[in-house]
Amino acid sequence: LTADEWHTELAALLSDLADAGVIKKRMVRPQAEGARLAYDRVFSVYGKIDSLKELQQSLKVEQLLGSTVTLRAPTPRLIRQQLEDYVSSKGDDKAHAASQAVAGHVWPIVKMARLKGPFNILADCGGRLLDLPGLQDSNAARNAVVQSFLSQCSSFLIAAPGTLPIALCGAMWR
(Lines give C-alpha, C1' and ligand atoms only; values in the text may rest on other atoms or scores of the structure.)
Protein backbone atom coordinates (compact mmCIF):
# COMPACT_ATOMS: atom_id res chain seq x y z
CA LEU A 1 0.00 0.00 0.00
CA THR A 2 1.07 3.60 -0.41
CA ALA A 3 1.67 5.66 2.70
CA ASP A 4 -1.55 7.61 2.08
CA GLU A 5 -3.61 4.43 1.66
CA TRP A 6 -2.25 2.87 4.85
CA HIS A 7 -2.42 6.04 6.96
CA THR A 8 -6.08 6.51 5.97
CA GLU A 9 -6.85 2.91 6.86
CA LEU A 10 -4.78 3.08 10.05
CA ALA A 11 -6.71 6.15 11.22
CA ALA A 12 -10.00 4.27 10.64
CA LEU A 13 -8.70 1.18 12.48
CA LEU A 14 -7.56 3.27 15.45
CA SER A 15 -10.93 5.02 15.49
CA ASP A 16 -12.63 1.60 15.68
CA LEU A 17 -10.32 0.67 18.55
CA ALA A 18 -10.98 3.96 20.36
CA ASP A 19 -14.73 3.37 20.03
CA ALA A 20 -14.23 -0.06 21.64
CA GLY A 21 -12.15 1.45 24.47
CA VAL A 22 -8.97 -0.41 23.44
CA ILE A 23 -6.77 2.69 23.08
CA LYS A 24 -7.24 3.55 26.76
CA LYS A 25 -6.58 -0.01 27.96
CA ARG A 26 -3.62 -0.63 25.61
CA MET A 27 -2.89 -4.16 24.42
CA VAL A 28 -6.17 -5.68 25.56
CA ARG A 29 -7.53 -7.64 22.61
CA PRO A 30 -11.25 -6.87 22.28
CA GLN A 31 -13.95 -9.52 22.10
CA ALA A 32 -16.17 -7.73 19.56
CA GLU A 33 -15.36 -8.98 16.06
CA GLY A 34 -14.96 -5.61 14.32
CA ALA A 35 -12.66 -4.21 17.00
CA ARG A 36 -10.76 -7.51 17.19
CA LEU A 37 -10.09 -7.43 13.43
CA ALA A 38 -8.87 -3.83 13.70
CA TYR A 39 -6.66 -4.78 16.65
CA ASP A 40 -5.16 -7.74 14.77
CA ARG A 41 -4.30 -5.60 11.74
CA VAL A 42 -2.59 -2.87 13.77
CA PHE A 43 -0.85 -5.25 16.16
CA SER A 44 0.39 -7.45 13.30
CA VAL A 45 2.17 -4.53 11.69
CA TYR A 46 3.44 -2.64 14.74
CA GLY A 47 3.46 -5.12 17.63
CA LYS A 48 1.58 -2.59 19.73
CA ILE A 49 -1.47 -0.36 19.84
CA ASP A 50 -0.69 3.35 20.11
CA SER A 51 -1.62 6.74 18.70
CA LEU A 52 -1.55 7.41 14.96
CA LYS A 53 1.34 9.84 15.41
CA GLU A 54 3.35 7.32 17.42
CA LEU A 55 2.73 4.44 15.01
CA GLN A 56 3.73 6.58 12.01
CA GLN A 57 7.18 6.89 13.62
CA SER A 58 7.96 3.24 12.76
CA LEU A 59 10.73 3.48 10.18
CA LYS A 60 10.42 -0.20 9.23
CA VAL A 61 6.77 0.22 8.27
CA GLU A 62 7.19 3.63 6.65
CA GLN A 63 10.03 2.27 4.46
CA LEU A 64 7.84 -0.62 3.27
CA LEU A 65 4.89 1.59 2.31
CA GLY A 66 4.75 2.21 -1.43
CA SER A 67 7.66 -0.15 -2.05
CA THR A 68 8.18 -3.39 -3.93
CA VAL A 69 9.99 -6.20 -2.16
CA THR A 70 11.67 -8.94 -4.21
CA LEU A 71 12.24 -12.31 -2.60
CA ARG A 72 14.23 -15.16 -4.10
CA ALA A 73 14.70 -18.70 -2.86
CA PRO A 74 15.99 -21.96 -4.33
CA THR A 75 13.18 -24.11 -2.91
CA PRO A 76 9.41 -23.78 -2.48
CA ARG A 77 9.76 -24.24 1.29
CA LEU A 78 12.18 -21.32 1.58
CA ILE A 79 10.09 -18.99 -0.57
CA ARG A 80 7.05 -19.86 1.56
CA GLN A 81 8.98 -18.97 4.72
CA GLN A 82 10.03 -15.65 3.19
CA LEU A 83 6.50 -14.86 2.01
CA GLU A 84 4.87 -15.67 5.36
CA ASP A 85 5.34 -12.20 6.91
CA TYR A 86 3.98 -10.51 3.79
CA VAL A 87 0.88 -12.53 2.98
CA SER A 88 -0.24 -14.48 6.03
CA SER A 89 -1.88 -13.53 9.30
CA LYS A 90 -0.84 -16.83 10.84
CA GLY A 91 2.33 -17.33 12.84
CA ASP A 92 4.55 -20.32 13.37
CA ASP A 93 2.75 -21.22 16.57
CA LYS A 94 -0.76 -22.11 15.37
CA ALA A 95 -2.30 -21.96 18.85
CA HIS A 96 -0.90 -18.45 19.37
CA ALA A 97 -1.87 -17.26 15.88
CA ALA A 98 -5.44 -18.46 16.32
CA SER A 99 -5.83 -16.47 19.51
CA GLN A 100 -4.21 -13.20 18.47
CA ALA A 101 -2.22 -11.39 15.83
CA VAL A 102 1.51 -12.05 15.49
CA ALA A 103 3.71 -8.96 15.68
CA GLY A 104 6.11 -8.27 12.82
CA HIS A 105 3.87 -9.50 10.01
CA VAL A 106 3.11 -6.84 7.43
CA TRP A 107 0.25 -8.54 5.56
CA PRO A 108 -2.15 -5.65 6.30
CA ILE A 109 0.00 -3.25 4.24
CA VAL A 110 0.56 -5.57 1.28
CA LYS A 111 -1.60 -4.71 -1.72
CA MET A 112 -0.45 -7.54 -3.96
CA ALA A 113 2.12 -10.33 -4.05
CA ARG A 114 3.31 -11.85 -7.33
CA LEU A 115 4.98 -15.22 -7.44
CA LYS A 116 6.89 -16.17 -10.58
CA GLY A 117 8.36 -19.54 -11.33
CA PRO A 118 8.57 -22.42 -13.78
CA PHE A 119 4.87 -23.31 -13.60
CA ASN A 120 4.58 -25.21 -16.90
CA ILE A 121 1.01 -26.33 -16.32
CA LEU A 122 -0.14 -22.70 -16.40
CA ALA A 123 2.18 -21.62 -19.22
CA ASP A 124 0.90 -24.34 -21.54
CA CYS A 125 -2.69 -23.07 -21.45
CA GLY A 126 -2.05 -19.35 -20.92
CA GLY A 127 -3.75 -19.51 -17.53
CA ARG A 128 -2.98 -17.56 -14.41
CA LEU A 129 -3.52 -18.70 -10.86
CA LEU A 130 -4.46 -15.86 -8.51
CA ASP A 131 -4.90 -16.09 -4.76
CA LEU A 132 -7.00 -13.03 -3.99
CA PRO A 133 -8.17 -11.85 -0.57
CA GLY A 134 -11.77 -11.99 -1.71
CA LEU A 135 -14.52 -9.57 -2.50
CA GLN A 136 -15.49 -7.01 0.11
CA ASP A 137 -12.06 -7.11 1.78
CA SER A 138 -11.92 -4.55 4.59
CA ASN A 139 -8.82 -3.10 2.94
CA ALA A 140 -10.05 -0.83 0.12
CA ALA A 141 -6.79 -1.06 -1.86
CA ARG A 142 -6.82 -4.87 -1.87
CA ASN A 143 -10.51 -4.86 -2.76
CA ALA A 144 -9.69 -2.63 -5.76
CA VAL A 145 -7.02 -5.13 -6.88
CA VAL A 146 -9.58 -7.96 -6.73
CA GLN A 147 -12.12 -5.94 -8.73
CA SER A 148 -9.48 -5.10 -11.33
CA PHE A 149 -8.48 -8.74 -11.80
CA LEU A 150 -12.08 -9.95 -11.92
CA SER A 151 -12.91 -7.47 -14.68
CA GLN A 152 -10.19 -9.10 -16.82
CA CYS A 153 -11.23 -12.73 -16.17
CA SER A 154 -13.25 -14.80 -18.60
CA SER A 155 -13.94 -17.28 -15.79
CA PHE A 156 -12.87 -17.98 -12.24
CA LEU A 157 -13.03 -20.66 -9.56
CA ILE A 158 -13.91 -19.95 -5.96
CA ALA A 159 -12.19 -22.11 -3.35
CA ALA A 160 -13.31 -22.14 0.28
CA PRO A 161 -12.67 -24.46 3.20
CA GLY A 162 -14.99 -27.49 3.15
CA THR A 163 -16.14 -26.65 6.66
CA LEU A 164 -17.48 -23.24 5.56
CA PRO A 165 -21.10 -23.37 4.40
CA ILE A 166 -21.49 -21.90 0.92
CA ALA A 167 -24.17 -19.46 2.13
CA LEU A 168 -21.64 -17.88 4.49
CA CYS A 169 -18.81 -17.40 2.02
CA GLY A 170 -20.83 -15.02 -0.16
CA ALA A 171 -20.04 -16.84 -3.38
CA MET A 172 -21.98 -15.75 -6.43
CA TRP A 173 -22.22 -17.53 -9.77
CA ARG A 174 -21.91 -15.38 -12.86
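Each chain has its residues counted from 1, following the order in which its sequence is written. Where local features are concerned, this predicted model is filtered to residues with pLDDT of at least 70; where side-chain atom pairs are given and counted, the filter is 80 or more; whole-chain, interface and lining totals use all residues. By convention in this description, side-chain values take in all heavy atoms of the structure and omit both hydrogens and water.

Enquirer: Looking at this structure, how should I read helix 3 (residues 33–46)?
Expert: One turn of the α-helix equals 3.6 residues, which is why residues spaced by three or four share an orientation. Helical segments are the DSSP runs of H or I of at least four residues, strand segments are the runs of E of at least two, and each set is numbered from the N terminus. Helices are assigned an expected span. That span is 1.5 Å times one less than the residue count. With 14 residues, helix 3 extends 20 Å from end C-alpha to end C-alpha; this agrees with the ideal 20 Å at 1.5 Å per step. Residue exposure (1.4 Å probe, protein chains only): buried if accessible area is under 20% of the type maximum, exposed if over 50%, otherwise partly exposed. Buried residues dominate helix 3, accounting for 10 of its 14 residues. Where helix 3 is concerned, the buried positions are Ala-35, Ala-38, Tyr-39, Asp-40, Arg-41, Val-42, Phe-43, Ser-44, Val-45 and Tyr-46. Looking one or two residues past helix 3, Gly-47 carries a phi angle of roughly 75°, positive in sign.

Enquirer: Where do I start with the nonpolar core in this structure?
Expert: Grouped burial of nonpolar side chains is what soluble globular proteins tend to show. In plain words, nonpolar cores are sets of buried Ala, Val, Leu, Ile, Met, Phe, Trp, Tyr and Cys residues tied together by side-chain atoms within 4.5 Å. In this structure, Trp-6, Leu-17, Val-42 and Tyr-46 are the most contacted members of the largest nonpolar core, which totals 19 residues. Only helix 1 (3–19) and helix 3 provide two or more residues apiece to this core. At six residues, the largest contribution of residues to this core is made by helix 3. Residues count as neighbours in contact if any of their non-hydrogen atoms are within 4.5 Å of one another. When sequence neighbours within four positions are dropped, the list of residues in contact with Tyr-46 reads Trp-6, Leu-10, Leu-55, Ser-58 and Val-61.

Enquirer: Please clarify how the packing of aromatic side chains should be interpreted in this entry.
Expert: Centre-to-centre distance and the angle between the planes together describe a pair of aromatic rings. In this analysis, rings of Phe, Tyr and Trp, with Trp reduced to its six-membered ring, are considered paired at centre separations within 6.5 Å, and the interplanar angle assigns stacked below 30 degrees, edge-to-face beyond 60, and tilted for intermediate values. In this structure the tally under the stated criterion is two aromatic pairs. Ring plane angle 5° and centroid distance 5.7 Å describe the contact between Tyr-39 and Phe-43, whose orientation is recorded as stacked. One end of the pair is Tyr-39 and the other is Phe-43, both in helix 3 and four residues apart, which spans about a single turn. Taking relative accessible area as the criterion, Tyr-39 reaches 3% and is therefore assigned buried.

Enquirer: Please clarify how the pattern of salt bridges should be interpreted in this entry.
Expert: When the charged atoms of two side chains lie near each other, side chains of opposite charge can form a pair. Here, a salt bridge means any side-chain nitrogen of Lys or Arg that lies within 4 Å of a carboxyl oxygen of Asp or Glu. Per the counting criterion, the structure on display carries four salt bridges. Across the pair Glu-5 and Lys-111 runs a salt bridge whose closest N-O atoms are separated by 3.2 Å. Here Lys-111 lies in the loop between helix 7 (94–99) and helix 8 (120–125) and Glu-5 lies in helix 1, a separation of 106 residues in the sequence. When salt bridges with common partners are traced through the structure, they connect Lys-48, Asp-50 and Glu-54 into a single cluster.

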